[in-house]
Every structure is written in C-alpha cells, then in structure tokens.
Amino acid sequence: MMASSYNAKDEDGHITVTGPGGGTLRSKKPENTAFKQQRLPAWQPILTAGTVLPAFFIIGLIFIPIGIGLYVTSNNIKEFEVDYTGVDMSSPCFNCSQNFSWNSTTPCTCTIPFFLEQPYESNVFMYYGLSNFYQNHRRYVKSRDDSQLNGDMTSLKEPSKECEPYAYHDNKPIAPCGAIANSMFNDTLELFYNDPNGTKVQIPLTNIGIAWWTDKHVKFKNPGAGEANQNLTAVFQGTTKPLNWRRPVYELDAAANNNGFINEDFIVWMRTAALPTFRKLYRIIKSPSNGMMPTMPRGNYTLEVVYNYPVRSFEGRKRMILSTISWMGGKNPFLGIAYITVGSVCFFLGVVLLIIHHKCGNRNNSADISN
Amino acid sequence: MGLVASFFGQLCGKEKKPEEERHLRANDRSFNLTYQYANNAIKTSKYNILTFLPRNLFEQFQRLANAYFLFLMILQVIPQVSSLSWFTTAVPLMFVLSITAVKDANDDINRHKSDNQVNNRIVNVLVDGKLKNEKWMNVQVGDIIKLENNQFVTADLLLLSSSEPLNLVYVETAELDGETNLKVKQALTVTGEMGDNIDALAGFNGEVRCEPPNNRLDKFTGTLSLNGQTAALDNDKVLLRGCTLRNTEWCFGLVIFGGPDTKLMQNSGKTTFKRTSIDHLMNVLVLCIFGFLASMCTFLAIGNAIWESREGSMFVAFLPLEKGVDSSLSSFLSFWSYIIVLNTLVPISLYVSVEIIRLGNSFFIDWDRKMYYPKSDTPAQARTTTLNEELGQIKYIFSDKTGTLTQNIMTFNKCSISGKAYGELFDFTGHRVEITEKTEKVDFSWNQLADPKFVFHDHRLLETVKEGNPDAQAFFRLLALCHTVMPDEKKEGELYYQAQSPDEGALVTAARNFGFVFRSRTPESITVVEMGKQVIYELLAVLDFNNVRKRMSVIVRSPEGKLTLFCKGADTIIFERLHPSCKKLVEVTNTHLSDYAGEGLRTLALAYKDLDESFMDEWKQRHHEASTALVEREEKLDELYEEIEKDLLLLGATAVEDKLQDGVPQTIEQLAKADIKIWVLTGDKQETAENIGYSCNMLREEMKEIFIVAANTAEGVKEELQNARRKMSSSSADKPSVIKARAGLFWLQKTETVQDEEVDGEYGLVINGHSLAFALEKDLQLELLRTACMCQTVICCRVTPLQKAQVVQLVKKYKQAVTLAIGDGANDVSMIKAAHIGVGISGQEGMQAVLSSDFSFAQFRYLQRLLLVHGRWSYLRMCKFLQYFFYKNFTFTFVHFWYAFFCGFSAQTVYDEWFITLYNLMYTALPVLGLSIFDQDVNDRWSFQYPQLYTPGQLNQYFSKKAFVRCMMKSCYSSLILFFIPWAAMHDTVRDDGKDIADYQSFALLAQTCLLIVMSIQLSLDTHYWTAVNQFFVWGSLAGYFAITFTMYSNGMFLIFTSAFPFIGTARNSLNQPNVWLTIFLTSLLCILPVVAFRFILIQLRPTINDKVRHKMRKEALPAPTKPVRVKRISTRRSGYAFSHSQGYGDLVTSRKFLLKIPVRTRPALFTETDSPLAQNQPQHYRTITEEPEGSQSP
C-alpha cells in the first residue's frame, strides 16, 4: 500500500544493523572503509590547457639553454684522431698490416707523423679505437670466467665451460681463459713530440688509473692476492697463456701492482664494449706539474706503433685518439644538439597546441554533454 | 522369491559396470552391499594431500601459457641456444605456478569443507529396529530413513509412508528444478499402511528393481516386490535428494540411490566455463603475438646467417665458431635464442595479472555497501571472478519479471466506491501527501480476524464502512463473496487464504480487514463474517472467469433470501453491461480508473444486480440444461451468462498494486540512458506483463507505438513482425543485412552479425508465448530479431524457461553483443546460463538462480550500480591494463630487436639478466596492478549522473585490435627512442675522468634505467586516480629498482656469487655521470612528449564523453541528486482485467471433483506463477488444496 519511493539513502549505508547487545549481531554488511568502498582520497589530474601548455613552454625554455651549454662544452673539447690501420697503400702501416701473422717473432713497427693545430691543456687522454669489432657478440661476451679473474684458485685450474674453446690448451688451463682475453689488444703506441728545434722528445704515458676503481680493486684479483710476497710466476704455474698472447699474464707489466689479472690494460680490455665501434683508454698524458705549459703544445708529433693486432681480416679499423675531457666526458656534440632540437620542438609544439586550444578547445569543453 | 533374488544378486554382483538395473532389498545391508552401490557420501573435491602436487601441476601445465614457459625453460638449458640464464624464466614460472597452486588448494579446501558439512548432516536411520542418528555419508542403499518437516531429503528415496492422509508428502523442489510450488508425492498403499510403526518398518523386506542411476528428474521406473506381490513405481513415489519436505510432519523412505548416484549429483555436471570477450580478444592477440614473434625471430635468424657469412667468418680469429657449426646452423640456433630473448612479448605475468585484477574487482563488488540489502542481510556477491570487465560491455539485458522487477506482492492499494476515491491522503489544503513507511496506518485491531500484515493508510474508508454505508458494505461483501479463494483455518481465528492468483488474495484480504471476513466455503455455501456477524450465503452459481469474458460473477442467496449477482471484471467489459442509470457514476469512476491505470495499478470494476426468484429459477433450469448439454456446451453457457450479466449496478473499482521492487523504474531509466536494451521475459500473461511494462517505465505513453504480436500461426506472426518493422522503418529491406565474419582462435568460428537498423522513434514490442514459439523457429528468428532489436523495449509473455534461453541465444548469436540475464527463479536458470553474464536475485527462497549465476544481489536496482559503476570501472581498468601491459612489454622487447643490428644478431640482450627476470615480476608489477585495481576515471556518483559513459564499453572502444596495433606502433616508437638516444649519446664517449662508459654493462644499465623511468611516467599519465597506494607503488617500485640494482651490483654480492652478478660497480660508476642523467632525461622526455601532445590535441579536438565529464567534474560540484518524482502519467490507457491466472477455479469450487484432484499437478507449472518465489512478508498463504473443506456437501 505504501508508495514505494526509491530512496537513495537506503543505499548509502545509513542503515546499520545492530544487534541488541550493541552491535554484537554479526551482519554480512561490508565494512565501511574508504578502501573497500573505493572512496580512497585521490588526486585526479587531467590534461588541461593550464597544465600542458606551460609545461611545453617551460621544457622548451629549459632545454635550449642546457643544449647550448652542452654544445659549447663539447665544442671546447679538443680531440685528435689518427687511423693507423694501414688500408691505403700510402699509409705508413700498410706493410705491417699486410704481413701479419700471430706467430711472427719480429715486431713490425710503423711511424705516423701528425700535426696538432691546437695546444692540449690539462690531462690528455690517449685512446685506441676499434671499429667493426664485435665485442658485444653473445658468444664473445660470455666467453670469460669472472671467478678466475677474481683470483679463485679452483677456477684458475679449471676454467669455466663458458671459456670454450679457450679454456684449455695442451691440457693446461688457460689463464686468463676465454675469447675476450685471448683477443686482447696488443699494439704498442708511443708518442713523440717533434720539437721545433728538431729534437724528438718521447711523451711520458701513464698506464695507471685507466681502469675503473671497482674493476681494479674488486672485480679483478690475482690468485693468492692475500698472501705476502706473492710470486705471480709461481701462482700461475701449471697454466698456459692465451693462444694469441706473446707473453704470459704474469709478465704483462714489470710493476707488481699492474701485473697479472690486475694489469689495467687487460682490465680495460675485459670491460667489453656495448657497440661494435668503440674506443678504450690506453694511456694518460698527465699535465706538467708546473701547469704553465700546455700538456701537448701545438706542433708536430710522431706516433710509433708496434703493429701486432690484426683487424684487416674483418675490415676493422684501428685508431689512435687524443682527447681532453670536460665535466660531461669526452667530445660528443649529440647531446647538445638533441637538447636544442627538443627544446625548440617543444616550444613550437607549445605554440601549435595553444592555437589549437584557442580555436577548438573552449568550444568543445564547454559544450554540454548531451543526455 | 528370495532364491530368485539371491540368484539375481549373484548375477549382478559378478557383472561389472555399467550398471544395468538396480536391485536392492530394504533393511538388508549385507544383501545390498554385494552390489557395491555407492553410499551416500559425496565428494566434489579434486585433490587430497598426496595427489595435490602432481595433479595440480599436471593441470597447470595443460594451460598453453605455462606449457610455453616450460618449453622456454627447456630451451634455456641448451647451452648453444641459451641466451639467458635459466632463472629468467624459472623464477616467474615458479611464482605463477605457486600462486595458482595456492588458489587451487584454497578452493579445494573449501570444497572439502562443504563436502564434510553435507556428509556430516544427521538423519534418522532405522537400524536394527531402532531409529538412530546417523551421518548422511553413512547412509547405505536399502536403509530406511525418517524425515521430518523442513528437512532436506537425504538421498533419492522411495516413499514408504507419511504422516498425512492418503500417504501424501509435500516437497519443495526449488533446489532441484527451482519450481517453488509444492509437489505432491504419494506412497503406495501397501507401504503406507505401515505408518510410523517402527516394528513394521523394521520388518519390511520389500525388494526394489529399478533403472540405473541417471539424470532425468522427471522419470523413474521400477518395481517393488513385497510378499510376492509386485507394484509399479513411478516418479510420484520417489523423493529426490535436494528437495525439502514441507507441510508434512514426517515420512519414511527407502534409500534407492545414494551420494553420487542421486539425480541431483548426476545433474550437477560440468558448468560451462564462461569467458569474456576480452579473453577471446586476448587469445587472438596472443596468437598474433606468437606469429609476430616467430616472424621477428625468423628475420633475426636470417640476419644472423648473413652476418655470420659476411662478418663472423672473418672474425673467427677472435671468435671462433663452435665445432660443426656453420652459418646456417648458427642461424637456426639463433632463431631459438631469439625466441628466448623476445619471449617477453607474451609474458607469463599477463595471465596472472589479469586474474589478480579480476579478483580484486570482484572483491570490490563483494564489499560494496551500496549493493548490500540490509533487510535480508545480503551483500552482493561476485560468484564468478573472471567476468568482471564484461559487466562494462552489456548491450542487452534479459530480465525476469516476477521476483525480479516485482516483488510478487499484490497490495490492495486504492478503491473507488460509488464515485468516491479512497486510498490517498490529503493534507488540510487538499494536496496529496506522499505515503511513506512512517505514515500512520489504519488500525484494524477491532477486527479479530483481520490479517495483521495488511496495511492501509486512508482512515476514511474504514470509517465509511463502520458507519454502515450500504455501498461500501456491498463493495466489500462483493469482494468477500465473488472469488475462488480457498480458506484454511487450522486453528480458530488463524485464517489463511489459498488464492490461485495473488490479486484475488489481496482483494479478499482487503475485504477481510474491512470487516467482511470470508471464513469458509462449501460447494454450495460461503460463510462470511460481516462486521463480526456470521452470515452464510447460499452459492447458487459461479460464472467463471476466462480470457474472453474477462469477468467473473457469483450468484448468492443471502440468509434473508435475497438473490444477488456479484460481478467483478475488466472495467471496459463491466461498463458495457451496466444499467443506464449508472451513467454518471461511470464517468466519475472512469476518471478514477484512469488515475489508477496511470500509476500502473491493476484495476477491476465491481458491479452487482439483484435478481428475481422466479427469473433465477428459470435461469437455473436452463443453466442446468446447458451445463449438461453434449454439444456446444461452452457457447450455450456463455449465452446464458451474457443474458444474466446485464443491467448491472456499478459499485466501484479496486486498484491493486503489483509491487515493484524498489527503484526499478529509475534503474530501467538509467540503463536505457546507458543504451542498454532491456527485454523482459516473463511467464506471466500478456496483460500483466504489459501492465508492469508501464509501471516500471519500460513502455511509455510517449512511445510512437507499441506493437503486440499475438498471432497463432507462423504466417500471422511473420506478417505482424514485418508490419511492425515496416512501420518503424519504411526503408527496411526485406532481407536482413548480415555481416559474415570469422573470429576466434585461428579464425575458426564463423559469425553472423545482423546489423542494427535505423528507427525514427521509440517503439515497444510485446509478444506472447504462442507467437514467440513460432518466431523462434528457424525461418522466423531473424525476423523476430530484427524487429525486436529496433524496439526500445521488448516484452515476451508466457515464456517457458527453454524459450528464455533460446531468446538469449538468438541475440547472442546474431548480434555479437554482450548479454546479461537476471532472474530469481529456477525457470531463469537456463537463461542465466545461456547469457554471457548471469545475475541472480538472492535472498529469495529458491537459490537455484543464484547458484547458477555469476553475480548475485538482493535487489534489481543494484544492477545499475553493478553495470554503470563496477562494470564500467572493471572494463576501463582491464583495458587500461592491457594497453599498458602490451606497451610495456613490446617496448621492452623491441629494444632487443634494434640491438640485434649492432651485436651481429647474436641474441645478446640489451639488459642485465636480472633486470629481465625482475622487470615484470617486481619493477613494474605493483604499479600496473595499482593502476588496474584502483583507477576510476570518474567516481560512482558521476557515473550515475552520466550513464552514457557506459556506451564506449558496448562499442569495445577502450581496447580492440585497432588499439592493440596503435599500442604496438607506440612501442615501436618508444623502443627506437630508448635504444638510439642512449646509443647516440654514449657511443664513442667517455666518463668525466676519461674512463670507459660505452661498455656493455654501463649501456645496459642506462638502457634499462631509461626504460623503467619511461614506463613509470607512462603509467602516471594513464593513471587518472592517484591514491596514496598508487603513489606508493610507483615511487616504491622506482626506489626498489635503484635499491635492488645497487645491491646486485655491489661488491658483496659479487664476492658471494661471482658468476651471477658480474655487473659489479656499474651502477656506481655510471650513475654518477652527468651525461648519463642528461641522456635519461632526454630519452624519457622524447618518449612522453608526443603522447602528451597527442592526448591533449585529442581532448581539444575530439573529446570523448569521459573527457567531457572529467572536465565538468573538475569545474563543478556534483549536482545534488534530484529527488526522484513518482511519475504520474496522464493515461488514456486502461489496464485490462489483470488476473494473472489463466482459468478460474469456478468449476472446482462448485463441484466435488477438485476435492479429489491435486490442482498443482493439473496446472501446467511452467506457465503460471512458478517464477514467483513467495516473498516472506506476503500476506497470502498458498498451499496445495487437498483436503475437503469441512461440512462440504454433495451438489
């Protein structure tokens, strides 16, 4: 008989079922928590002209100066590059590159003269660069034994299977094993400054401090590193050198802290590159302590290469790079240009969006929703 | 006899399965045990402790996804192929398997519990001549058990004896077939004689031979041999497990089938597994992805072959090929290696995440207080947790009427007595007062026989009656006399009416409360207590109701000897037969009737006529002749009735309300706004259904036309349907435009879609049962579908359960639309199972609908919340999830593809292996779950405010193949940026101290950090609803990434697991570089900016409804919910004689025949009120009429 008027209040949970004992009656009524009722307080942002347009303009305004800064910094970095692969007949290294054999005992040396147009201040970094060298090939990357390199005695004698086929040679374990170690870069580069007065001065090259600290001190350890008076020759007794190497691992350097697995040239090589064209730090030319003279003044230089490393077979290239650095690393104009471009595009997009918003946005958004 | 039996016993015992005949002997366990029949224990659980692990794993690996990952894992063990360590697949796989195993174990524990609960129910079993309490599971075939009132039937029993006369037993079969009317079973007289004599029962040694266990509920054949006599057994003598004993004090039964052999268990077959359309789409997409993966890998393998022959062969000095591997074999191996690397296109976590999201959304449905019905303490329940997002795509709703739209409660609501309307309240100024629950009720306590549940608010009526107003008294006297209700007064003063239709019950109850209590009847008399005074009327004739007459009359002689004819019927019919003197009264009454009809009330007009004794004598004579005539009896009777039912004097009119569930019209209006079409499929007759259609706002006066299809031949139906269609759309073609397509996995499914047709307005369609049967025939069903789909509202009347399912299937098949069926009764089960989503109304007596439903709640009105809020959100969330998830994984994987060109197609990964392992499992798992569990574009109130927000779901707009392709393009772009910007920024550069940074490890770290940051920002862009949880997940995951990265790249981890964590120091050495961060910043921005710009432009140029509402929501407060006004239509429509029964009881009432028959069984159950489980607070009480009213005399 009563008119059944639909009451929204019924459904808002205002009816509470409580038993006579003050709510002891267990009801199946769901709990009234914000979580269960999906009423959690929430921030509900939407893309409005008020937020999107300023964002675009601000991003534009921030990016362009950053880009200019980056570009200028990158431009200030001095970089010099010599390709000494010896592909051309005219190249001084042509002969060496042609007559290569892994087992040749007589080193082939070639000399490349070059001219630095600008003086290089502060520390100068000397890199060797390889192209078309697939250090990132899967089979290459995994062909190493980190335990062995970390000085594990067991792994030294029994290299991991991953190293195959460079795990054993003549039934002796190879140390360091694997394809990466086996293919270590072994050209020797030396720099000479041709003084204007005609003398040829060798530039001192530092080979310490070219690897990551963590690699040198944590990741790479000679076997039996903890023992006093370690004798590397004795430690590596019973192992054999990698096939392509001329010297065993314990004769890489005279200095004890740069020999064996913790030789920095070796460590640098073992940090495989991500891309087939890469550069690796070879030596550092420290700036003179007085600081008055540029590290490498403008003038004529000679690069002397002991040409050991064959790359012609796979059309690789070898480069020697001299570079200064800045806070953002080496020379790389890409970031600067990219930032400027993106900033400009943002700004432009902002304008376009503003026009669109002005022309259409208001009309559409204020339009009532048809029922 | 025993010899023969034992012979058979041996024969049967030796026989192996299948069982051909069941043979058992009462009270002889040892005999019955020889057959090894199942006892009454049931087992629905799947595992036990020992079998759990193997079985569960076996089941899990049957899933394609798991098997695929197992296959991947095996691939990874092969060293030549393995491009990733085994743990990258094993860890996620273990995780997934264990989660599923835990869930399965939990489910099975619940099944064990419910099995235990059922198996441990207690029943009285006759053991060694004594009744003993025994657990259900220990009951054996051949036992005799005793059941008491309201107990569940323990097993399939042969009824032996009962407390009721004639060994009758009443059972409710709602659990079994859902019909809530009581069924009668009768024991054989031989066994019935034993009664409750325990000794007799204990000595009972009858032997039963019967059919083997089967699932036919309506059939049973067998024989009972007792003392050399054989009696046939049929379905009437069997009580089935699942039934409930009602109105019977006790009964004894012999167990024939136990546990798994019972018809109930035989029927509970596998439920069909429903899958959502998103599931189907996902399957197709996954298949596409597999194809895509294969082609990508083929491409890369070819690349590998080329590289190996051109470069690799030159490179052998540094990197020799393994023995026996040439470039073609290497290419073959690299194909599989790339399958491993790129497998993240179809990540295992997809399926797990989808399940978790659905589960989460199901919990939100369970927890929703706004779908909780306090009156019956019923919360909404998501019984299937895998169908949520489909709730956001419903296009068609098929609804039952009784119990779903209506409460199946008829209330005497208003009346008009000689031109005066009663039933409404007015205040002093003469305005109508809204009647609410608090309105003061009329006090009927003066009348000891009044029904306490009857409620009426208008005091004037009672005062009028008490004053002795002759019209009012005549009005109620008529109601007390002119009906076919049976009274039931077990105790003095406790009066129950058994009415065949609730309408009649309501009218007689009204009369009872207003002082005209119908007390008892015999075939020749009616006893009425009029204002406390008992009056016995002599019943001379009942002029029964039928569909043509649309009225019924009684002729009675009062104790004073006055002869009167009382007539009630459809107003139009009555008005034709009135005395001219009533003309004025007719006008007034007519306006009242119009008002009532406008409110959707069912109306009746009442009239009477005093008769002459002489005329009556003569008429009665002719009536007798006519009723005994052999030819044309019906016609002759009709003529006679016509003759006497004229020149009537109008008394007034009644208005009975078929009470709708709360909020039904509003819900229907909301759903209509959401462009959901509602079809009502009801077992009711046409007038009733139409009436409800009006009162719940489905049929409206504004509609251009409402077509009624009621033809009785196939041609007629076809013509009517075609006419209707041409009227709606004159350009409608004769042939339906059917789009044939292929869909599903491997495009194996053929689909036919009938296009929607343009209609120039709103139309309604009402189709009755006969016509529907024709229309569902093969050649007419498309005709029906086309016409029906053009109408806003479709009402099908007199629909059988099977037809309900057929209608649903028809729409499913030819519309490719998502359907939902909602109902409360067992006759809705077929429809609930057929539809994509089945919703059961719970809290009623029968649970059958709920048990087979996917979602259940107590009130129809919750449907709008389920669909417009939960469904929409679930769909939105699922689509967002899928889009984001595919984007996330495609981008992740495509970067490998680009890198292949730089690493000699060697299947080298770009990222650290640990990152690959943890990317889906940890770094991005929680944020995306947060997004897809909490996100809401607009809150629930705005969803209600703008139901049209629902329509994108129906059109599959949020996620489709197109969206998937878009998603892939976006990933392609992002992956290009993600690879080439770091590449350009890093190649050939060094750190600020001149050392390496372009090494593989630093590059991997840079690439993965960029990726993760881009993914987090993208997620933030997609998140519309930032709760604290989301914030926590996003920031926490990023922080977690850095924390885990630094930990894994730390000295300690390296020293402990040297070979597992070779990335030592990478994080420290490269993340302190400004150019690394500048690169990350640039990459992220370049990935995100175009997305933001594109979205902004879309919002500006082509805002979606969601954008508009969100915009509006930001600017305005939610308009206060407008108080729903009870729509009062000015109606010219007049509801018909609205009795919901088909044939009157008239014959039965006046003859003795009915007293012997059991009406329930004669009534075609499916066509009557079986879809109406009785609400608990119903004033009338229905019971099968079986006993003779006291003092009845032969006519």
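Residues numbered from 1 in each chain as written. Chains lettered and ligands numbered in written order. Predicted model: local features only at pLDDT ≥ 70, side-chain atom pairs only at ≥ 80, totals over all residues. Heavy atoms only, no water.

A word on the packing of aromatic side chains
All names here are of chain A. We apply this condition: When the centres of two rings from Phe, Tyr and Trp lie within 6.5 Å, Trp using its six-membered ring, the rings pair. Their planes under 30 degrees apart give stacked, over 60 give edge-to-face, and anything left gives tilted. Throughout this description, the term charge over a ring refers to an Arg CZ or Lys NZ atom that lies within 6 Å of the ring centre and within 35 degrees of the ring normal.
Here the structure, examined in full by the defined rule, presents 93 aromatic pairs over all chains. Aromatic ring contacts, followed pair by pair, group Tyr128, Phe133, Tyr140, Phe185, Trp269, Phe278, Tyr282, Tyr309 and Phe314 into a single cluster. Here Arg283 stacks its cationic end above the ring of Tyr282, 4.2 Å away from the centre of that ring. The cationic tip of Lys318 hangs over the ring face of Tyr307; the distance from NZ or CZ to the ring centre is 3.5 Å.

Description of the interface of chain B and chain A
Our working definition: Residue contacts follow a heavy-atom distance rule, with two residues in contact if any of their heavy atoms lie within 4.5 Å. Throughout, buried area stands for the accessible area (probe radius 1.4 Å) lost by two parts on being put together, summed over both. Here a salt bridge means any side-chain nitrogen of Lys or Arg lying within 4 Å of a carboxyl oxygen belonging to Asp or Glu. Polar contact is defined as a pair of N or O atoms within 3.5 Å, subject to the rule that within protein one atom must be able to donate a hydrogen and the other to accept it, and that residues adjacent in sequence are counted only when both atoms are side-chain atoms. The helix count covers DSSP runs of H or I at least four residues long, the strand count covers runs of E at least two residues long, and both are numbered beginning at the N terminus. Amino acids outside the nonpolar list (Ala, Val, Leu, Ile, Met, Phe, Trp, Tyr, Cys, Pro) and the charged list (Asp, Glu, Lys, Arg) are all regarded as polar, and Gly is one of them. Strand pairing follows a simple DSSP-based rule, namely that at least 2 bridges must link the two strands.
Tallying the contact residues gives 130 residues for chain B and 115 residues for chain A. Roughly 10,800 Å² of surface becomes buried between chain B and chain A when both sides are summed, with 61% attributable to carbon and sulfur atoms. Our count for the contact surface shared by chain B and chain A stands at 5 salt bridges. For the salt bridge of B:Asp999 with A:Arg271, the shortest nitrogen-to-oxygen distance reads 2.5 Å. Counting across the interface, chain B meets chain A through 32 residue pairs in polar contact (both at pLDDT 80 or more). Broken down by element, the side of chain B that touches chain A gets its largest block of residues, 17 residues, from helix H37 (residues 1074-1101) of chain B. By residue class, the composition of the side of chain B that touches chain A is 64 nonpolar, 35 polar and 31 charged. Inspection of the sheet shows strand E1 (residues 42-43) of chain A paired to strand E38 (residues 1026-1027) of chain B by 2 bridges, in the antiparallel sense. Along E38(B), the bridge assignment pairs A:Trp43 with B:Trp1026.

Some thoughts on a negative patch on the surface
As a reminder, the rule being used: Excluding any residue in a salt bridge, patches collect residues exceeding 30% relative accessible area, merging like charges within 9 Å and nonpolar Val, Leu, Ile, Met, Phe, Trp and Tyr side chains within 5 Å. Only the protein chains shown count as cover for residues, with accessible areas throughout obtained via the Shrake-Rupley method and a probe of 1.4 Å. Charged residues are defined here as Lys and Arg on the positive side and Asp and Glu on the negative side; His and the ends of the chain fall outside this count. Every charge is mapped onto a representative atom, which is NZ of Lys, CZ of Arg, CG of Asp or CD of Glu.
A cluster of acidic residues, B:Glu632, B:Glu634, B:Glu635, B:Asp638 and B:Glu639, forms a negative patch on the protein surface. Residue position: B:Glu634 is located in helix H18 (residues 633-644).

Thoughts on the pattern of salt bridges
Here the structure, examined in full by the defined rule, presents 57 salt bridges over all chains. Residue A:Lys318 pairs with A:Asp187 through a salt bridge whose shortest N-O separation is 2.6 Å. One end of the pair, A:Lys318, is in strand E11 (residues 317-323); the other, A:Asp187, is in the loop between helix H7 (179-182) and strand E7 (188-194), and 131 residues separate them in sequence. With a shortest N-O distance of 2.5 Å, B:Lys880 and B:Asp935 are connected by a salt bridge.

Comments concerning the domain arrangement of chain A
To keep things clear, this is the line we draw: Residue ranges labeled as domains rest on an automatic or database domain assignment.
Domain assignment breaks chain A into domain 1 (49-77 + 331-360) and domain 2 (78-225 + 232-325). A C-alpha centroid distance of 41 Å is found between domain 1 of chain A and domain 2 of chain A.

Some words on the sheet that holds strand E15 (residues 394-399) of chain B
All names here are of chain B. With mixed pairing, the 9 strands of this open sheet are ordered in space as E14-E37-E36-E35-E15-E29-E34-E33-E30. In this open sheet, the two strands that pair with only one neighbour each are strand E14 (381-382) and strand E30 (705-709). Here strand E29 (residues 677-681) pairs with strand E34 (residues 793-796) via 4 bridges, running parallel. Across the sheet, Ile678 pairs through a bridge with Thr793, a residue of E34.

Considerations on the packing of helix H11 (residues 349-367) of chain B against helix H27 (residues 862-900) of chain B
Residues and elements named next belong to chain B. Condition: Between N-to-C directions, angles cover 0 to 180 degrees, with each direction set by a line fitted to C-alpha atoms, over the stretch in contact for helices. For this classification, under 35 degrees means roughly parallel, over 145 means roughly antiparallel, 65 to 115 means roughly perpendicular, and everything else is oblique. Whether a crossing is left-handed or right-handed is set by the direction in which the near helix is turned from the far one by less than a right angle, anticlockwise for left-handed and clockwise for right-handed.
Relative to each other, H11 and H27 sit at 160°, their axes nearing to 11 Å. The angle between H11 and H27 falls in the class roughly antiparallel. The two elements H11 and H27 meet at a crossing, and its hand is right-handed. Where H11 approaches H27, its residues Ser349, Leu350, Ser353, Val354, Ile357, Arg358, Asn361, Phe364 and Ile365 are matched on the opposing element by Leu866, His870, Ser874, Arg877, Met878, Phe881, Leu882, Phe885 and Phe886. By residue class, the composition of the contact of H11 with H27 is 11 nonpolar, 5 polar and 2 charged.

Notes on the sheet that holds strand E6 (residues 168-172) of chain B
Residues and elements named next belong to chain B. Spatially, E7-E6-E12 is the arrangement adopted by the 3 strands of the open sheet, whose pairing is antiparallel. With partners counted over all chains shown, the strands left at the sheet margins are strand E7 (183-186) and strand E12 (244-246), one partner each. Pairs of neighbouring strands in the sheet enclose a mean axial angle of 45°, with direction left out of account. The pairing of E6 with E7 spans 4 bridges and is classified as antiparallel. Its bridge partner being in E7, Val169 is matched across the sheet by Lys185.

Side note on unusual backbone geometry
Of note, the bond from A:Glu164 into A:Pro165 is cis; its omega dihedral lies within 30 degrees of zero at 0°. Tracing the backbone shows A:Pro165 in the loop between helix H6 (153-157) and strand E5 (168-169). Along the chain, A:Ala175 connects to A:Pro176 via a cis peptide bond; the corresponding omega equals -10°. By secondary structure assignment, the location of A:Pro176 is in the loop between strand E6 (172-173) and H7. Residues other than glycine seldom take positive phi values, yet B:Asn227 does so here, at roughly 50°.

Thoughts on the pairing of E34(B)
All names here are of chain B. Under the convention used in this document: The buried label applies to any residue whose accessible area, calculated with a 1.4 Å probe on protein chains only, is under 20% of its type's maximum; exposed applies above 50%, and partly exposed to all values in between.
Side chains of E34 alternate between two faces, with Thr793 and Ile795 and Val794 and Cys796 buried alike. Of the pairings in the sheet, the one linking strand E33 (residues 763-767) to E34 comprises 4 bridges and is parallel in character. Bridging across to E34, Leu765 finds its partner in Val794.

Focus on the packing of H27(B) against helix H33 (residues 1000-1022) of chain B
All names here are of chain B. In contact at an axis separation of 11 Å, H27 and H33 are set at 160° when each is read in the N-to-C sense. Classified by the angle their axes make, H27 and H33 are roughly antiparallel. Considering the relative orientation of H27 and H33, their crossing is right-handed. Where H27 approaches H33, its residues Lys880, Tyr884, Tyr887, Lys888, Thr891, Phe892 and Tyr899 are matched on the opposing element by Tyr1000, Phe1003, Leu1011, Val1014, Met1015, Ser1016, Gln1018, Leu1019 and Asp1022. For the contact of H27 with H33, the residue count by class is 10 nonpolar, 3 polar and 3 charged.

Focus: helix H34 (residues 1028-1048) of chain B
Residue and element names in this part refer to chain B. To keep it simple, the criterion reads: Working rule for helices: expected span equals 1.5 Å times residues minus one. As used here, the arc is the angular range of directions from the helix axis to the C-beta atoms.
Between its terminal C-alpha atoms H34 stretches 29 Å, which fits the 30 Å expected from 21 residues at 1.5 Å a residue. If you check which residues of H34 are buried, you get Asn1030, Phe1033, Val1034, Ser1037, Leu1038, Tyr1041, Ile1044, Thr1045 and Met1048. Down the axis of H34, the sector holding all buried residues measures 135°, keeping them to one side. Turned more than 90 degrees away from the buried face of H34, the exposed residues are Ala1028, Phe1032 and Trp1035. Considering only its buried residues, H34 is in contact with helix H28 (913-923), helix H29 (925-934), H33, E38, helix H35 (1051-1056) and helix H36 (1066-1070).

Let's talk about H27(B)
Residues three or four positions apart in an α-helix share a direction because the helix packs 3.6 residues into each turn. All names here are of chain B. Selection criterion: The angle separating two fitted axes, one through the seven residues that finish at a residue and one through the seven that start at it, defines the bend at that residue.
Compared with an ideal rise of 1.5 Å per residue, which puts 39 residues at 57 Å, H27 spans 55 Å between its outermost C-alpha atoms and is within 8% of the ideal. At Gly871, H27 shows its maximal kink, close to 30°. Burial of H27 is extensive: 38 of the 39 residues sit out of reach of the surface.

Considerations on the nonpolar core
Within soluble globular proteins, side chains that are nonpolar tend to cluster in buried spots. Basically, it comes down to this: As used here, the term nonpolar core means buried Ala, Val, Leu, Ile, Met, Phe, Trp, Tyr and Cys residues forming a set that is joined through side-chain atoms within 4.5 Å.
The biggest cluster of nonpolar side chains holds 206 residues, and the ones touching the most others in it are A:Trp269 and A:Leu322. Top contributing element to this core by residue count: H27(B), with 18 residues. Two domains each donate at least three residues to this core, and these are domain 1 (49-77 + 331-360) and domain 2 (78-225 + 232-325) of chain A. Core analysis: the second largest hydrophobic core is formed by 53 residues, B:Phe444, B:Ala450, B:Val528 and B:Met552 among them.

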